[in-house]
Amino acid sequence: MKIMIIGAGQMGSGIAQVCAMNGYEVFLHDLTLELVEKGRNGIKKQLQRQIEKERLTEQDADRFLQRIQTSTELRNAKNADIIIEAAVENMEVKKNLFTKLDSYAPAHAILATNTSSLPITEIAAATNRADKVIGMHFMNPVPVMKLVEVIRGLATSQETFDKVYSLAESLKKTAVEVNDFPGFVSNRILMPMINEAIYTVFEGVATPEDVDEVMKLGMNHPMGPLTLADFIGLDTCLAIMETLHEGFGDDKYRPCPLLRKYVKAGWLGKKSGRGFYRYSK
């Protein structure tokens, strides 16, 4: 089976890595060769760390890397059996991509999206193969996290679901079946908790450090919600909260004004050097 990954960022390159490490031939695709090479070099660094920890041999790492071909032409979809899209979290971008992929990919190919909250059914409607469109939501960082949410769209066939569920398991992941509702399971529960943590800071209840301490020591969370928000990216958190708010029409999903303010200020968390905490570049 050949797998094409659309988007060579952190998520896409992580998915490419686990696919290559589990025996699949991979096309890693992005808009420019520079972006693809950046993603491939990120995979190389990850594998090098595994070599240093003596969890991997250099021969194995070389073999895995040889399974990853670079791509800047969407037409390469014609060689893929399954395509996993991990592009920017924007509905118009995804629909446009899926329309093109539908025209290039062979008739049997499954089109999966790694979206963290956008409706699978709406993405599928941009194609002529809605029965072969499905959500495959990996967690970040992909090589470490065990969960994959496998999300059925309205028209997703049982055959498509079974194939993708089996693929997730072959990647040594735990697949969980989810239906197509805003935020699925993971972000429907996680993001309102992060949003509520931001409200406690906004209302002066406690500092970010103390909010995180309460959740780590009191609830046994490995990472506080505000540290986690910085790690995810505050712009991503805001986009998911807006999807939940719009999708359910319920004010309990209203994004905190402080979250909006930070995003407008360019304080996006770890990737920008500042969010609820400061980070050295």
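About the thresholds
Residues numbered from 1 in each chain as written. Predicted model: local features only at pLDDT ≥ 70, side-chain atom pairs only at ≥ 80, totals over all residues. Heavy atoms only, no water. Helix = DSSP H or I, 4+ residues; strand = E, 2+ residues; numbered from the N terminus. Rg over C-alpha atoms; globule rule 2.2 N^0.38 Å. Contact = heavy atoms within 4.5 Å. Areas by Shrake-Rupley, 256 points an atom, 1.4 Å probe, with all protein chains shown as cover. Core = buried A, V, L, I, M, F, W, Y, C linked by side-chain atoms within 4.5 Å. Buried < 20%, exposed > 50% of the residue type's maximum accessible area, 1.4 Å probe, protein only. Pairing = 2+ DSSP bridges. Right-handed = clockwise from strand over helix to strand, strands pointing away. Axes fitted to C-alpha atoms, helices over the stretch in contact; angles between N-to-C directions. Salt bridge = Lys/Arg side-chain N within 4 Å of Asp/Glu carboxyl O. Domains from an automatic or database assignment. Buried area = accessible area lost by both parts, 1.4 Å probe.

1. A short note on the overall build of the protein chain
Assigned secondary structure in the protein chain consists of 11 helices and 8 strands. Over its C-alpha trace the protein chain gives a radius of gyration of 19 Å, about what one expects of a compact globule, namely 19 Å for 281 residues. Principal-axis analysis of the C-alpha atoms places the extent of the protein chain at approximately 55 × 45 × 30 Å. A separation threshold of at least 6 residues defines the contact pool for the protein chain, and within that pool the share at least 24 residues apart is 65%. Only carbon and sulfur atoms are counted for the fraction: they give 52% of the accessible area of the protein chain, which is about 14000 Å².

2. Quick look at the nonpolar core
Ranked by internal contacts, the top residues of the largest apolar core, which has 38 residues, are I3, I5, I15, L28, I84, M136 and F138. Residue contacts for F138: discarding those within four places in its chain leaves M11, I15, N114, L147, V148 and L171.

3. Here's the deal with the pairing of strand β5 (residues 110–113)
Here β5 shows a buried face lined by I110 and A112 and a second buried face lined by L111 and T113. Both strand β4 (residues 82–85) and β5 contribute to a ladder of 4 bridges, which runs parallel. Paired with E85 across the two strands is T113, which belongs to β5. For the segment spanning β4, helix α4 (residues 91–104) and β5, crossover handedness is right-handed. Strand direction decides the pairing type here: β5 and strand β6 (residues 133–138), joined by 3 bridges, are parallel. For T113, the partnering residue across the bridge sits in β6 and is G135.

4. Quick word on the sheet that holds strand β2 (residues 25–29)
One open sheet accounts for 8 strands, arranged β3-β2-β1-β4-β5-β6-β7-β8; its pairing is mixed. Looking along the sheet, the strands with just one partner apiece sit at the ends: β3 (68–71) and β8 (174–179). Sheet twist, expressed as the mean angle between neighbouring strand axes with direction ignored, is 25 degrees. Here strand β1 (residues 2–6) runs beside β2; their pairing, made up of 5 bridges, is parallel. Residue I6 lies in a different strand from β2, and its bridge partner there is H29. Lying over the sheet, helix α2 (residues 33–52) contacts β2 and β3, oriented at roughly 160 degrees with respect to β3. Strands β1, β4, β5, β6, β7 (147–152) and β8 of the sheet are contacted by helix α6 (residues 158–170), whose axis makes an angle of about 25 degrees with β6.

5. With respect to the pattern of salt bridges
Tallying each qualifying case throughout the model produces 13 salt bridges. Across the salt bridge formed by E242 and R260, the nearest N and O atoms sit 2.7 Å from each other. Here R260 lies in helix α11 (residues 257–264) and E242 lies in helix α10 (residues 234–248), a separation of 18 residues in the sequence. Among the residues examined, E242 registers a relative accessible area of 32% and is labelled partly exposed. Residue classification places R260 among the partly exposed residues on the basis of a relative accessible area of 31%.

6. Some details on the environment of Y199
With respect to the helices and strands, Y199 occurs in helix α7 (residues 186–202). Considering only alpha carbons, one finds Y199 and G12, 187 residues apart in sequence, at a separation of 32 Å. Not counting chain neighbours up to four residues away, the residues in contact with Y199 comprise R254, P255, C256 and P257.

7. As for the domain arrangement of the protein chain
In many reports, interface size means the accessible area that the parts give up when they come together. Here the protein chain is described as being made up of domain 1 (2–179) and domain 2 (187–271). Facing 6 residues of domain 1, the contacting portion of domain 2 comprises 4 residues. Both sides together, the interface formed by domain 1 and domain 2 hides about 460 Å², and carbon and sulfur atoms give 57% of it. Three residues stand out in domain 1 for area buried against domain 2, namely S116, S117 and N140, and they jointly supply 59% of the buried area on that side.

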